[in-house]
Amino acid sequence: MKLEVKNLKKSFSGKEVLHGISFSVESGRALGLLGRNGAGKTTTIRILMDVFRANEGEILMDGKTFVPGKYQIGYLPEERGLYPKRKVIEQMVYLAMLRNVPKKKAIANAKKWLERLEVAQYENKLLETLSKGNQQKVQLASILVCDPEIVILDEPFSGLDPVNSQILQEVVQELIEQGKIVIFSSHQMSYVEQFCEDIVIINQGEVVLEGNLDEIKRSYGKNRLVLKDTERTVEEFSEYCKQQLSDVLTVNGQTKEAVIVKLAEGKTRRELLEKILAKNIEIEQFDTYKPSLNDIFVERVGD
Amino acid sequence: MRRFSTVFQFELRNYVKNKSFVISTILIALIIGVVMFVPNVIDMSDTLGTSIEQTKEEDKEDAEDEEEEKSRYGLLDSNGYFADRSLLESYYEDVEFVNYSDEKSMKEDLEKEKIEAGYVVEDDSHFRYLVWNNHMFGGDATVFQQVMTVLHKQIYCQEKNLDFQEISANYDAPVEYEQEVLGKDASDNYWYSYALVIVIFMIIVMYCVMIATSVASEKSNRAIEVLVTSIDSKYLLFGKVLSGAVAAFLQVGIILATALVCYQINRDAWGGALDSVLNIPTNVLWAFAMFGIGGFLFYAFLYGALGALVSKTEDVNKSTGSMQMIVMLVYFVVLFQLDNVDGILIKVCSFLPISSYSAMFVRIAMGNVEVWEIAVSFAILVISTIGVGCLAAKIYRMGTLRYGNPISIKNALKNLKND
């Protein structure tokens, strides 16, 4: 299955908040939907779920118009909430039955997922008596009861302790391996890097970066290097590069330990290396720059 | 349909599994049931006025009065009209009249509450009534006026040398009449119509707010986002409103049925004392049920839509305030026009869906109404209820994911148009 979102535009009371969002996601691959607060992620997801109608654009599933009602979708919204005064199992079965799952199967699935997420002992407790983390797990379990083909997780890790995060990570990994379409929205970049092969970064209603995460990282590293010498501090070395090596590179920034540089137009790594040797620099690190997703994100959407 | 029934069952369980809901229903029904059986166990004929010795209501009042102390009234009668007290005593049985010679001392005694009221007789056709605090129903002056009228006649007869007994016997000859009611007897139907108008008003005010709160609660606890992405929102709204309606009618129905059935069983023991309220003809009950349910649903959908316009349950009252005013207005109009059920105001109200639930019902119970009028009014009610239901579902859909300040109805409709 391949889900394609094409050129979505959406206005609220005359103000356009999405200016043409496009991306695609396939079965068995997870897509990281990234963006700052208010970038338009949730609106995009809601259009996908047919809560809002887009002013323009279309959503296709395997080339045909996507009708959310035809598929089982597990949607974990960022704003969590179920019925505090109802029993855990009761509301899980209810939510599954709303999605046309027969009652018997709903009960069996609910028990299975509560077991899997290690909250089975709360089955007959009122939801409000559970801790926040356990309520989160119940909510996640409740969206999986319908055996979704598409799973949309909006900030699934917020509020979970490291042990619970570990359980959830395993579950997400399993879902991906089972060939589900997984759309994953989070601000915790480390999780996105761990699960997602593809990413989309949305900024102010526009896609600013889209594609395979490895390729993006590689292209970011292209022509960029990290340098370090043994004699100077990072600041001193950065200053030195600016003064002495400006014909072969420009200084791009620095990490805690090294200086990030970009090769000047038309220069090769060999030329840079020769120059470094000629200057008699005690080089300690000469490497391709591999940005973290965090770096890419900040660079793309930071002010 | 299956999804609707899923929502309906889930929501209904909210009420029937709610302990306070169940307990209050059973408790009220039980209390009413027990009260209805009381005359079988305890002799209540005195209180009810049904014992054989004292059948007349006046006697009952007298019996009660005897237990109280005699009232004391002041009298300033400078002309000596009441030297013979027999006339006064025939009108005031339990009153002791204290003579005064000047107004000042009478006023002082009034202030000290030695006497309850005072009469200053100026001449045979004028008197003044003095009282410290005038009560709402202080009607003693009218009795004294009657005494004075008789006195005036007596004096006139004396002056003209006429036989007072003969004149009064012929002049004030009692004229007897018998009443035959060919249509409906409003005096018979008045009290239970009155009671049922109050009942349906209370049902709407109490339960519709409950429905609005239940709609708002899902926005409040944020379950709405998962819900609207799982199921068409109109099933959600219809499920919620109808389950609320069923819960309301279940509760009211149980209580009302207990009252009516238990009264019928014990009607002889009560001596028919509560006939005016609890002996309701079946056709009136049917009209009440049909128009009551229709009107309730009409309002329930409106309240449901209003509940969808707010994001916190605390804001429900703010949002439903204007609707409460309309319900109140209808209630007062119908209640004040209850002795004029064939008037134009009630006629108009009996066709409007916002008021037909009580206006048409009182017309059926007490007024002249054609069958086609009932049919047309009911059809209008049903059609507008369905219309309001669909509109409410749309408002609900639109309002569900708009958080923040309550949305005004005007803006809601504007948004609907734009969508």
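This paragraph deals with the overall build of chain A. Regarding its fold elements, chain A presents 10 helices and 14 strands. Every one of the 303 residues in chain A was classed for burial, and the buried ones make up 50%. Within chain A, residue pairs in contact and separated by at least 24 positions form 69% of the contacts whose partners lie at least 6 positions apart. For chain A, the distance from the average position of its 43 positive side-chain charges to the average position of its 45 negative side-chain charges is 6 Å.

Moving on: the overall build of chain B. Counting secondary structure elements, chain B contains 19 helices and four strands. Counting every position in chain B, which comprises 419 residues, the buried fraction comes to 43%. The long-range share in chain B, meaning contacts at least 24 apart out of those at least 6 apart in sequence, stands at 71%. Total accessible area computed for chain B in this model is approximately 23200 Å², and 58% of it derives from carbon and sulfur atoms.

Quick look at the side chain of Lys10 of chain A now. Within the secondary structure layout, Lys10 of chain A lies in strand E1 (residues 2–12). Sequence-distant contacts of Lys10 of chain A, that is, excluding residues within four places in its chain, are made with Lys15, Glu16, Val17, Leu18, Thr43, Ile47, Phe52, Arg53, Ala54 and Asn55 of chain A.

The next subject is the pattern of salt bridges. Residue and element names in this part refer to chain A. Tallying each qualifying case throughout the model produces 25 salt bridges over all chains. Across the salt bridge formed by Arg224 and Glu299, the nearest N and O atoms sit 3.8 Å from each other. Taken together, the residues span a long stretch of sequence, with Arg224 in strand E11 (residues 224–229) and Glu299 in helix H10 (residues 293–301) at a distance of 75 residues. In this structure Arg224 comes out as buried when scored by relative accessible area, which is 10%.

With that settled, consider the interface of chain A and chain B. On the side of chain B, 22 residues touch chain A, which itself brings 25 residues to the contact. Roughly 2400 Å² is buried in total at the junction of chain A and chain B, and carbon and sulfur atoms are behind 53% of that figure. Considering only the surface of chain A that becomes buried against chain B, Arg86, Tyr94 and Leu98 of chain A emerge as the three largest contributors, covering 26% of it. Between the two partners, chain A and chain B, sit two salt bridges. One salt bridge connects Arg13 of chain B with Glu90 of chain A, and the closest N-O pair in it is separated by 3.4 Å. For the interface between chain A and chain B, the tally reads 12 residue pairs in polar contact (both at pLDDT 80 or more). Mapped by element, the contributors of at least two residues to the side of chain A that touches chain B are helix H1 (41–48) and helix H2 (88–98) of chain A. With six residues, H2 of chain A is the largest single contributor of residues to the side of chain A that touches chain B. Of the residues belonging to the side of chain A that touches chain B, the class tally is 12 nonpolar, five polar and eight charged.

Residues and elements named next belong to chain B. When pLDDT is averaged along chain B, the result is 83, and 90% of the positions lie at 70 or above. By mean pLDDT, helix H4 (residues 57–67) is the weakest element of chain B at 49, and helix H16 (residues 344–349) is the strongest at 90. This model gives residues 52–63 a pLDDT under 50, and the stretch forms eight contacts once residues within four places in sequence are excluded. Interface confidence for the predicted complex, given as ipTM, is 0.77, next to a pTM of 0.74.

Another aspect to go through is the packing of helix H4 (residues 132–144) of chain A against helix H5 (residues 162–177) of chain A. All names here are of chain A. Relative to each other, H4 and H5 sit at 15 degrees, their axes nearing to 12 Å. In terms of orientation, H4 lies roughly parallel with respect to H5. Remark: the crossing between H4 and H5 carries left-handed chirality. Here H4 contributes Lys137, Leu140 and Leu144 to the contact with H5, which in turn contributes Asn164, Ile167, Leu168, Val171 and Leu175. Across the contact of H4 with H5, the residue classes tally to six nonpolar, one polar and one charged.

The next subject is helix H7 (residues 140–160) of chain B. Here H7 of chain B spans 30 Å end to end across 21 residues, near enough to the 30 Å set by a 1.5 Å rise per residue. Positive backbone phi, approximately 60 degrees, marks Asn161 of chain B, located one or two places after H7 of chain B.

Further remarks concern the packing of aromatic side chains. Residue and element names in this part refer to chain B. By the definition in use, this model includes 34 aromatic pairs over all chains. Summarising the aromatic geometry, the rings of Phe238 and Phe301 are spaced 5.0 Å apart at their centres and angled 50 degrees between planes, so their arrangement reads as tilted. Placement of Phe238 in helix H11 (residues 233–265) and of Phe301 in helix H14 (residues 282–308) is noted, with a sequence separation of 63 residues between them. Residue Phe238 is classed as partly exposed on the basis of its relative accessible area of 22%. A residue is classified by how much of its surface remains accessible, and Phe301, at 4% relative accessible area, is buried.

A few words on the domain arrangement of chain B. Taken domain by domain, chain B consists of domain 1 (2–36 + 184–418) and domain 2 (72–169). A straight line from the C-alpha centre of domain 1 of chain B to that of domain 2 of chain B covers 55 Å.

Next up on the list: the sheet that holds strand E5 (residues 64–65) of chain A. Residues and elements named next belong to chain A. With antiparallel pairing, the four strands of this open sheet are ordered in space as E2-E1-E4-E5. Unpaired on one side and paired on the other, strand E2 (15–26) and E5 mark the two borders of the sheet. Pairing analysis gives five bridges linking E1 to strand E4 (residues 56–61), with the strands arranged antiparallel. Across the sheet, Lys9 pairs through a bridge with Glu56, a residue of E4. Docked against the sheet, H1 engages E1, E2 and E4, running at close to 115 degrees with respect to E1.

What follows deals with the pairing of strand E9 (residues 198–203) of chain A. On any regular strand, side chains alternate: one points to one face of the sheet, the next to the other face. All names here are of chain A. Counting buried positions over the six residues of E9 gives six, a clear majority of the element. Going residue by residue along E9, you find Asp198, Val200 and Ile202 tucked away on one face and Ile199, Ile201 and Asn203 tucked away on the opposite face as well. Inspection of the sheet shows E9 paired to strand E10 (residues 206–212) by six bridges, in the antiparallel sense. In the strand pairing of E10, Ile201 is matched with Leu209. Hairpin connection, E9 to E10: the antiparallel pair is bridged by two residues, and Gln204 has positive phi, about 45 degrees.

Reading guide: rules and limits
- Residues numbered from 1 in each chain as written.
- Chains lettered and ligands numbered in written order.
- Predicted model: local features only at pLDDT ≥ 70, side-chain atom pairs only at ≥ 80, totals over all residues.
- Heavy atoms only, no water.
- Helix = DSSP H or I, 4+ residues; strand = E, 2+ residues; numbered from the N terminus.
- Buried < 20%, exposed > 50% of the residue type's maximum accessible area, 1.4 Å probe, protein only.
- Contact = heavy atoms within 4.5 Å.
- Lys, Arg positive; Asp, Glu negative; His and termini not counted.
- Charge placed at Lys NZ, Arg CZ, Asp CG, Glu CD.
- Areas by Shrake-Rupley, 256 points an atom, 1.4 Å probe, with all protein chains shown as cover.
- Salt bridge = Lys/Arg side-chain N within 4 Å of Asp/Glu carboxyl O.
- Buried area = accessible area lost by both parts, 1.4 Å probe.
- Polar contact = N/O pair within 3.5 Å; in protein donor to acceptor, adjacent residues only side chain to side chain.
- Nonpolar A, V, L, I, M, F, W, Y, C, P; charged D, E, K, R; others polar.
- pLDDT = per-residue confidence, 0-100.
- Axes fitted to C-alpha atoms, helices over the stretch in contact; angles between N-to-C directions.
- Parallel < 35°, antiparallel > 145°, perpendicular 65-115°, else oblique.
- Left-handed = near helix turned anticlockwise from the far one by under 90°.
- Expected span 1.5 Å × (residues − 1).
- Phe/Tyr/Trp six-rings, centres within 6.5 Å; stacked < 30°, edge-to-face > 60°.
- Domains from an automatic or database assignment.
- Pairing = 2+ DSSP bridges.

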